[in-house]
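These are the residues of each chain, in order.
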Protein chains: 2
Amino acid sequence: MKNEILSKNELLEYWQAQRRLTRKVIEVFPEKDLFEFSIGGMRPFSQMCAEFIAIATPSLKSIVMNKSMKFDEKPTFKTKEELLKRWDEDTLAINELFVQIPESDFQKEFVLFGEYNFQIKQHIFYFIDNEIHHRGQAYVYLRALDIQPPFFWETL
Amino acid sequence: MKNEILSKNELLEYWQAQRRLTRKVIEVFPEKDLFEFSIGGMRPFSQMCAEFIAIATPSLKSIVMNKSMKFDEKPTFKTKEELLKRWDEDTLAINELFVQIPESDFQKEFVLFGEYNFQIKQHIFYFIDNEIHHRGQAYVYLRALDIQPPFFWETL
């Protein structure tokens, strides 16, 4: 038996499961509200999604290619359809890039976006936590819009 | 080198780090708003904290004692001070209980609260995700109240 709590594949599946739920949250937003609705001066959910996109594959590329990248969260999409298309492209890209990181490297430190120096696994957990955090905020937006969000455990 | 992404101690530290941030979010709420403020018919943050408390140590006790428990999220506190006191007691209790789960058991399935059948590690990740999710909602409450929440990365 391996002495492990979480394997590399399980970490990838954990991340992708959360991304599947985030996709459902994007889908349930009315187009206009996705890009405009906000509370308390916070960003609309589309901007938070632009952040997730700016983090996920650019980080993995940076790690796999061992090359520094600049953080750029300018949205790569103008519509919900374009966002969902990019989301699905990233799902595949994440799978392809993630497997290229050797298991032993997850303990190694890596400087992301020129300033964040953490172990690679810590980076990945931060990406997941950050997505859950902002998606939770999108749940409040949806409730305020009187829209039923997907169940939190619906990650299939 | 161990073939692992995350060790048992790292999982505990990951959870406690998130709990430290949640504690800061509780602290920054005005007493009245902690118990009364909500958006879109959602629960006030104190009720979400009552849920976290109803999950954390009762789950670990159930696992360690291999005994079924009923889920009861009735608040055990009436004030912010009582909530913070309970939070700190649970921090110690979680540390004490968690170490009693053998590392090899984290892969085993366990039925929590008479209905949720998952691997023990999946339960723990769910507790963490659930806390991040609802705490993210509390950030919207704070912003709507014009209160600056703690930085998301301030988990020390």
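Residues numbered from 1 in each chain as written. Chains lettered and ligands numbered in written order. Predicted model: local features only at pLDDT ≥ 70, side-chain atom pairs only at ≥ 80, totals over all residues. Heavy atoms only, no water.

Labelled according to an unreviewed UniProt entry, chain A appears under the name DinB family protein, originating from Imtechella halotolerans K1. Regarding chain A, the relevant UniProt record gives this comment under Sequence similarities (unreviewed entry): "Belongs to the DinB family." (UniProt positions renumbered as here; feature names shortened; annotations may be inferred.)

1. With respect to the relation of the copies chain A and chain B
Of the transformation placing chain A onto chain B, the axial shift is 0.0 Å and the rotation is 180°, giving an RMSD of 0.0 Å. Viewed as a symmetry operation, the transformation between the two copies matches a two-fold axis. The overlap is high: 100% of the interface residues of chain A also sit at the interface in chain B, so the same surface is used on both sides. (Least-squares fit on C-alpha atoms with pLDDT ≥ 70 in both. Contact = heavy atoms within 4.5 Å.)

2. Here's the deal with the interface of chain A and chain B
With 35 residues of chain A in contact, the opposing surface of chain B contributes 35 residues. Buried area between chain A and chain B, summed over both chains or domains, comes out near 3,300 Å², and the portion from carbon and sulfur atoms is 65%. Between the two partners, chain A and chain B, sit 2 salt bridges. Between Glu10 of chain A and Lys121 of chain B there is a salt bridge; the shortest N-O distance is 2.7 Å. One can count 10 residue pairs in polar contact (both at pLDDT 80 or more) joining chain A with chain B. (Buried area = accessible area lost by both parts, 1.4 Å probe. Salt bridge = Lys/Arg side-chain N within 4 Å of Asp/Glu carboxyl O. Polar contact = N/O pair within 3.5 Å; in protein donor to acceptor, adjacent residues only side chain to side chain.)

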